[in-house]
Amino acid sequence: MSNIQNEKCKGKHFTWSKPMSHMLLEILAEKALKGNKPSFTFGVESFVKVATEISQKFNVQCEPKYVDNHLKTVKKEWGIITKLKNKSGFGGDDCLKMITVSKDVYDEEVKV
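Below is a summary of the structure that appears in this document. (Residues numbered from 1 in each chain as written. Predicted model: local features only at pLDDT ≥ 70, side-chain atom pairs only at ≥ 80, totals over all residues. Heavy atoms only, no water.)

A closer look at helix α4 (residues 64-85)
Selection rule: Secondary structure follows DSSP: runs of H or I at least 4 residues long count as helices, runs of E at least 2 residues long count as strands, and numbering of each begins at the N terminus. To estimate the expected span of a helix, count its residues, drop one, and scale the result by 1.5 Å. Burial classes: relative accessible area under 20% of the type maximum marks a residue as buried, over 50% as exposed, and values in between as partly exposed (1.4 Å probe, protein chains only). Directions pointing from the helix axis toward each C-beta atom define the arc. Residues count as neighbours in contact if any of their non-hydrogen atoms are within 4.5 Å of one another.
A rise of 1.5 Å per residue sets the reference length of α4, with its 22 residues, at 32 Å; its end C-alpha atoms lie 32 Å apart and thus fit the reference within 8%. For α4, the full list of buried residues reads Tyr66, Val67, His70 and Leu71. Seen end-on, α4 carries its buried residues on one side only, within an arc spanning 130 degrees. Away from its buried face, by an angle of more than 90 degrees, α4 presents the exposed residues Lys65, Lys72, Lys76 and Lys83. If you follow the buried residues of α4, they end up packed against β2 (13-14), α2 (18-33) and α3 (44-58).

The structure is reproduced here in structure tokens:
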């Protein structure tokens, strides 16, 4: 196993780098735009394609189940971001790719 694989795959846990996550989202967005998402979720063939392309490009052993699990994580994180951005006093900075909030609003929020 190469050093790259050792860094990215620890035991049965697969670690996603930002470029890998970006590739996952690009491939799935392309499939959705082409109408290859017949329901509210992607099919196994979509996860196989992502896993194959990530394995080849990043020299790792990516499995379709890793893609499915990571997509669930991304959806969960996006839900948290959306919830925060919609709260009074919170906003977003597209240039910095960050949620913004004043110290007063933040201090009040973390008391809860």
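Section: the packing of aromatic side chains
Just so we agree on the cut-off: In summary, the pairing rule links any two rings of Phe, Tyr or Trp, Trp by its six-membered ring, whose centres are within 6.5 Å, and it sorts them by plane angle into stacked for under 30 degrees, edge-to-face for over 60 and tilted for everything else.
One pass over the structure, following the stated rule, counts 2 aromatic pairs. Ring centres of Phe14 and Trp16 lie 5.2 Å apart, and the angle between their planes is 75 degrees; this geometry places the pair in the edge-to-face category. Here the two residues Phe14 and Trp16 agree in accessibility, since each one is buried. Each residue in the set Phe14, Trp16 and Tyr66 is aromatic and connected to the rest through ring pairs, giving one cluster.

Observations regarding the nonpolar core
A general feature of soluble globular proteins is that nonpolar side chains tend to end up buried together. Put simply, the rule reads: Residues belong to a common nonpolar core when they are buried Ala, Val, Leu, Ile, Met, Phe, Trp, Tyr or Cys residues joined through side-chain atoms within 4.5 Å.
Core analysis: the largest hydrophobic core is formed by 18 residues, its most contacted members being Trp16, Leu24, Ile54, Cys62 and Val67. Of all elements in the fold, only α2, α3 and α4 reach the threshold of two or more residues within this core. Contact partners of Trp16, with chain neighbours within four places excluded, come to Ser21, Leu24, Ile54, Cys62, Tyr66, Val67 and His70.

Some remarks on the packing of α3 against α4
Definition in use: Orientation is described by axes fitted as lines to C-alpha atoms, over the contacting stretch for helices, and by angles from 0 to 180 degrees between their N-to-C directions. Under this scheme an angle from 65 to 115 degrees is roughly perpendicular, one under 35 degrees roughly parallel, and one over 145 degrees roughly antiparallel; angles in between are oblique. Side-chain classes follow a simple rule in which Ala, Val, Leu, Ile, Met, Phe, Trp, Tyr, Cys and Pro form the nonpolar group, Asp, Glu, Lys and Arg form the charged group, and the remainder, Gly included, forms the polar group.
It is the contact of α3 with α4, at a shortest axis distance of 8 Å, that shows an interaxial angle of 105 degrees. The pairing of α3 with α4 is recorded here as roughly perpendicular in orientation. Taking contact as the criterion, the partners of Phe47, Val48, Val50 and Ala51 in α3 are, on α4, Pro64, Val67, Asp68 and Leu71. When the residues that make up the contact of α3 with α4 are grouped by side-chain class, the tally is 7 nonpolar, no polar and 1 charged.

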